[in-house]
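For reference, the chains in residue letters:
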Amino acid sequence: MTRRTLNLGILAHVDAGKTTLTERLQYAAGVIGEIGSVDAGTTQTDSLALERQRGITIKSAVVSFAVGGVTVNLIDTPGHPDFIAEVERVLDILDGVVLVVSAVEGVQAQTRVLMRTLRRLGLPVLIFVNKIDRSGARAEALLGEIAAKLSLDVVSMGSVRDLGTKDATFVPYTGTAAEVVESLADHDDVLLTAYIAERPMTAERVRGELAEQTRTGQVHPVFFGSAITGAGVDELTAGIVALLPTAGGDVAAEPSGSVFKIERGPDGQKVALIRMFNGSLRVRDRLSFGRAQDTVTRIS
């Protein structure tokens, strides 16, 4: 028996809106009935008192939800450079990443640091340009800035209407849009030949090539939207499931996994965050960690 899971990281420079995006993704998946506010300190993943007080993420937090038969384990990480070690701690257990960039502030120093690390690790990355509803937001110009400053081949997944207003919306391209095909053809000779010869291509062929080139890090799809209004979030969610690789695992096999974080619970108990590769855990199971052993007392 296998399961399809996607361990997804949400990364960004500070104030790009990644925690609000995490809230919006949970809301869209039906996990929460109301979207929390970073400013009000009511978000699901910012649980520390200092996080709620300062409106920033200090420690990584994990939430899970199902989309299209895939269980997404979403990890919200700090954006402030003072807590970069907390980000680096979780990167090794991720299958893919959404890198959030503000449509107003654009690429920041922290964005570059994060992207260099992601490329070194070979992680596939989708880019979400947030805050298209804000005054001063950019779209096409920012797309060029992302490509130039991050040295990436980017593929815009659509266009923006009413940019910089509260009514801003994201309009996704059709399955065989020339903008997408042209970007993919730079990395595939067969697709390039068909494109130059103006031979028709199916949407399925283009989607398959887009997914393959995304997973191998050749291209980076860019979605535009607003985590506050929800614009573009449905399209991003569909892209997460369709374009990023899922991890298989045999639940009947011997348990194997990687502990990527240990923290203390509200009552002082030890809490271990584990990425499972195979098997399953039950309360009272004995687990081996090198020469040490411990007992599972609670699973959440």
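Above this text sits the structure in question.
### Quick look at the overall build of the chain
Part 1 of the argument: The secondary structure content of the chain amounts to 9 helices and 13 strands.
Part 2 of the argument: Taking the contacts inside the chain whose residues are at least 6 apart along the sequence as the reference set, 66% of them involve residues at least 24 apart.
Part 3 of the argument: Accessible area of the chain: about 14700 Å², with a carbon and sulfur share of 49%.

### Concerning the environment of Val 180
Part 1 of the argument: Tracing the backbone shows Val 180 in helix α6 (residues 178-185).
Part 2 of the argument: Separated by 41 residues in the primary sequence, Val 180 and Pro 221 have C-alpha atoms spaced 9.1 Å apart.
Part 3 of the argument: Beyond its immediate chain neighbours, meaning those up to four positions away, Val 180 contacts Val 155, Ser 156, Tyr 173 and Val 206.

### Re the packing of aromatic side chains
Part 1 of the argument: Scanning the model with the defined rule gives 2 aromatic pairs in all.
Part 2 of the argument: Where Phe 170 meets Phe 224, the ring centres are 6.3 Å apart and the plane angle is 35°; that geometry is what we call tilted. Taken together, the residues Phe 170 in strand β8 (residues 169-172) and Phe 224 in strand β9 (residues 220-224) connect sequence positions 54 residues apart.
Part 3 of the argument: Overall, the relative accessible area of 7% leaves Phe 170 in the buried class.
Part 4 of the argument: You can call Phe 224 buried: its relative accessible area is 1%.
Part 5 of the argument: Here the aromatic cluster, defined as three or more aromatic residues joined through ring pairs, consists of Phe 170, Phe 223 and Phe 224.

### Observations concerning empty space enclosed by the protein
Part 1 of the argument: Scanning the entire structure with this criterion turns up 2 cavities of 30 Å³ or more.
Part 2 of the argument: When residues of the lining of the largest cavity are traced back to their parent elements, those giving at least two are β2 (61-67) and α9 (233-243).
Part 3 of the argument: Sorting elements by how many residues they give to the lining of the largest cavity places α9 first, with 3 residues.

Conventions adopted
- Residues numbered from 1 in each chain as written.
- Predicted model: local features only at pLDDT ≥ 70, side-chain atom pairs only at ≥ 80, totals over all residues.
- Heavy atoms only, no water.
- Helix = DSSP H or I, 4+ residues; strand = E, 2+ residues; numbered from the N terminus.
- Contact = heavy atoms within 4.5 Å.
- Areas by Shrake-Rupley, 256 points an atom, 1.4 Å probe, with all protein chains shown as cover.
- Phe/Tyr/Trp six-rings, centres within 6.5 Å; stacked < 30°, edge-to-face > 60°.
- Buried < 20%, exposed > 50% of the residue type's maximum accessible area, 1.4 Å probe, protein only.
- 1 Å grid on protein atoms, 1.4 Å probe; cavity = no way out; pocket = protein on both sides within 12 Å on 5 of 7 lines; lining within 4 Å.
- Points joined across faces, edges and corners; volume = space filled by probe spheres on them.

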